[in-house]
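# Structure at a glance
For reference, the chains in residue letters:
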Amino acid sequence: VGKATTDTLTNKTLTSPTLTTPNIDSAQFATVSGTAPIYGCRAWVSFDATRDSTGATTAANTNRFIRASGNVTSVLKNATGDYTITFTTALTDANYAVNLTARITATGIAPTVTNLLTSTTPTASLFRICTDRNGVGPVDVEYNFASVFR
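Remember, it's a predicted structure, so these values are computed and weren't measured experimentally. (Residues numbered from 1 in each chain as written. Predicted model: local features only at pLDDT ≥ 70, side-chain atom pairs only at ≥ 80, totals over all residues. Heavy atoms only, no water.)

## Re the sheet that holds strand β11 (residues 143-149)
Within the open sheet, the four strands sit side by side as β4-β3-β11-β7. Their pairing is antiparallel. Across the chains shown, the open sheet's two edge strands, defined by having one partner strand only, are β4 (64-70) and β7 (97-103). The sheet shows a mean angle of 15° between the axes of neighbouring strands, taken without regard to direction. (Pairing = 2+ DSSP bridges. Helix = DSSP H or I, 4+ residues; strand = E, 2+ residues; numbered from the N terminus. Axes fitted to C-alpha atoms, helices over the stretch in contact; angles between N-to-C directions.)

Dropping the structure here:
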């Protein structure tokens, strides 16, 4: 640190660091300033709830089509609008924050709301979400996004 070369720090604490473009496990962060800590995303997924894991359009309760993800091994459809997202590598506990959103493709349709399913409790390995269209009830939509921070 403080020189033009790259140093690898393993289990080290920097007491007065100035990092400009730090790399953490090959992921490069933007220029960092200030003293607030950086908390990386622990898992994320973009999936299509209208298609199964092979990409075929189906309403069956099977694994859903994952467009892209990090530390998510599967998205299982339990029922219309009800999905279980399972981590590839479990987190240390269930005290994480989940950010959810869904997007509809048709115009003139009521907004879609995505929430953690209140009838279940997240675990270190998985959590359940539900998508609901105002005035319609549970729905499967093409674009669903989740990110997990801990």
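## A few points about the packing of aromatic side chains
Applying the stated criterion across every chain yields a total of four aromatic pairs. Considering the side-chain rings of F87 and Y96, the 5.6 Å spacing of their centres and the 80° angle between planes classify their relative orientation as edge-to-face. Look at F87 and you get buried, because its relative accessible area is 4%. Take Y96: its relative accessible area is 12%, and that puts it in the buried class. Their ring planes at 50° and their centres at 5.8 Å tell us that F87 and F127 sit as a pair that is tilted. Here F127 lies in strand β9 (residues 126-133) and F87 lies in strand β6 (residues 82-87), a separation of 40 residues in the sequence. (Phe/Tyr/Trp six-rings, centres within 6.5 Å; stacked < 30°, edge-to-face > 60°. Buried < 20%, exposed > 50% of the residue type's maximum accessible area, 1.4 Å probe, protein only.)

## Regarding the side chain of N144
Looking at where N144 falls in the secondary structure, it is placed in strand β11. Owing to a relative accessible area of 1%, N144 belongs among the buried residues under this scheme. A distance of 2.8 Å separates a polar atom in the side chain of N144 from the backbone oxygen of V141. Setting aside residues up to four positions removed in sequence, N144 forms contacts with V45, S46, F47, A49, T101, A102 and T131. (Polar contact = N/O pair within 3.5 Å; in protein donor to acceptor, adjacent residues only side chain to side chain. Contact = heavy atoms within 4.5 Å.)

## Structural notes on the side chain of T84
By the element assignment, T84 lies in strand β6. With relative accessibility at 10%, the residue T84 sits in the buried group. Engagement of the side chain of T84 in a polar contact is seen with the side chain of N78, the distance being 2.9 Å. Residue contacts for T84: discarding those within four places in its chain leaves S74, V75, L76, N78, L126, F127 and R128.

## Quick look at the environment of A43
Along the polypeptide, A43 turns up in strand β3 (residues 41-52). Between the alpha carbons of A43 and V72 there is a distance of 6.3 Å; along the sequence they are 29 residues apart. Apart from residues lying up to four places away in sequence, A43 is in contact with G70, N71, V72, F87, A146, S147 and V148.

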